[in-house]
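Coordinate analysis (summary)
So you can see what is in the structure, the chains are spelled out below.
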Amino acid sequence: MIAYKKIDGLIAAVFTPYHGNGAIHPGLVARYAGLLKSRGVAGVFVNGSSGEGVLLTTEERKVLAEAWMPHRSDTFRVIIHVGSTSVEVSRELAEHAGRIGADAIGCMAPSFFPSSDVDVVAEHCRLVAEAAPATPFYYYHLPVATGAHIKVNRLLKKGAPLIPNLVGVKYTFTDFMDMHQCISLDSGAFDVLHGHDEILLNGLVLGVKGAIGTTFNFMPEVYLNIIRAYGENDLPAARRYQMESVAVVEIMLKYVNAIVGGKAILKLSGLDCGPCRSPLRNLTGREMTSLERELTEAGYFELLSTAQALDS
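Below is a summary of the structure that appears in this document. (Residues numbered from 1 in each chain as written. Predicted model: local features only at pLDDT ≥ 70, side-chain atom pairs only at ≥ 80, totals over all residues. Heavy atoms only, no water.)

Moving on: the overall build of the chain. For the chain, the count of helices and strands is 13 helices and 8 strands. A buried classification covers 54% of the 312 residues belonging to the chain. Within the chain, contacts between residues at least 6 apart in sequence are counted, and of these 73% link residues at least 24 apart. By element, 55% of the accessible surface of the chain is carried by carbon and sulfur atoms, the whole surface being about 13,000 Å². Of the side chains in the chain, 28 bear a positive and 32 a negative charge, and the two mean positions are spaced by 0 Å. (Helix = DSSP H or I, 4+ residues; strand = E, 2+ residues; numbered from the N terminus. Buried < 20%, exposed > 50% of the residue type's maximum accessible area, 1.4 Å probe, protein only. Contact = heavy atoms within 4.5 Å. Areas by Shrake-Rupley, 256 points an atom, 1.4 Å probe, with all protein chains shown as cover. Lys, Arg positive; Asp, Glu negative; His and termini not counted. Charge placed at Lys NZ, Arg CZ, Asp CG, Glu CD.)

Here it is in structure tokens:
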């Protein structure tokens, strides 16, 4: 395994900014990056599922990756997701991410012709990772979307001797036994990043230190509070903050899905990243009004105003 500093903190799974006509809007990235940095976010996961990566062209994904790179630093990492239904596209994107200096690459299993054979998934990861051999590689475990229902701890065991740059997994599933096995494997050699915002506390109990999430885009303070309270052994406070997350996530998921609903919440929070791309549908004006009302009733905007006051 290559030398790699594990992630400690929150990585935002960023949305792709578009112009109103549906063209990507890389010019918005500078403002987006500044907002995340000002609120304590430790980096970004670009072109992932929240970023509609599989709906973008290969060239668009490269442009967006390049747009984020000037904002990386030792305290703000840029991880590029390169997963695709085509292994050759993934290899091309991995090579590009390595060439522009990304901190790491992530790759989910192909979602068309999916396989739940760990050997098949390991070989796919090997082919992608070898295109950027000096760049740390994370497997992105999202079986609900990809159909690759594997035990990730077995993938890490299989992959370790085959993939020298394999450093960990973005774990977006609720198999906590498997997740715990991943964390414990080889005396904690792998970086296991938590992927379900609404149950971050579960991951902290198991031993995770870093997380990648959609709602970190607009309410990172809630999760920083969870991490702080847990670190202080104040479990009642940690659970209370986690329920603040649950309340907003529950609302977000009512509005199509985490991508559409999350992007709409970010717009209501002050950063308009434009529409979502087909086949995702965008919310109607009536739905946006309803979303805003539900968020108000849940106390979301009070949380937001408090956070903005702390930042000012």
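Right, let's get into the side chain of Q242. As for its placement among the helices and strands, Q242 is situated in helix α10 (residues 235-254). At 3.1 Å, the side chain of Q242 forms a polar contact with the backbone nitrogen of L200. (Polar contact = N/O pair within 3.5 Å; in protein donor to acceptor, adjacent residues only side chain to side chain.)

Let us now look at the nonpolar core. Generally speaking, soluble globular proteins have nonpolar side chains that are buried together. Core analysis: the largest hydrophobic core is formed by 88 residues, its most contacted members being Y32, L36, W68, Y139 and Y223. Broken down by element, this core gets its largest block of residues, 7 residues, from α10. When sequence neighbours within four positions are dropped, the list of residues in contact with Y223 reads L10, D197, L200, T215, F216, Q242, S245 and V249. Counting residues in each nonpolar core, the second largest holds 14 residues, with I11, A104, Y138 and L142 among its members. (Core = buried A, V, L, I, M, F, W, Y, C linked by side-chain atoms within 4.5 Å.)

Side-chain alternation along strand β8 (residues 210-213) places G210 and I212 on one buried face and A211 and G213 on a second face that is also buried. Here strand β1 (residues 9-13) pairs with β8 via 4 bridges, running parallel. Bridging across to β8, L10 finds its partner in A211. In terms of strand pairing, strand β7 (residues 191-194) meets β8 through 2 bridges, oriented parallel. Bridge assignment links H194 to a residue of β8, and that residue is A211. In this region the chain leaves β7, passes through helix α8 (residues 200-206) and returns to the parallel neighbour β8; the handedness of that crossover is right-handed. (Pairing = 2+ DSSP bridges. Right-handed = clockwise from strand over helix to strand, strands pointing away.)

With that settled, consider the packing of aromatic side chains. On inspection of all chains with the given rule, the structure shows 7 aromatic pairs. Ring plane angle 70° and centroid distance 5.1 Å describe the contact between Y300 and F301, whose orientation is recorded as edge-to-face. Taking the relative accessible area as the measure of exposure, F301 reaches 22% and is therefore partly exposed. In this structure an aromatic cluster arises from ring pairing among F218, Y300 and F301. In this structure, K37 is placed above the aromatic ring of F76, and the distance from its NZ or CZ to the ring centre is 5.1 Å. (Phe/Tyr/Trp six-rings, centres within 6.5 Å; stacked < 30°, edge-to-face > 60°. Lys NZ or Arg CZ within 6 Å of the ring centre and 35° of its normal.)

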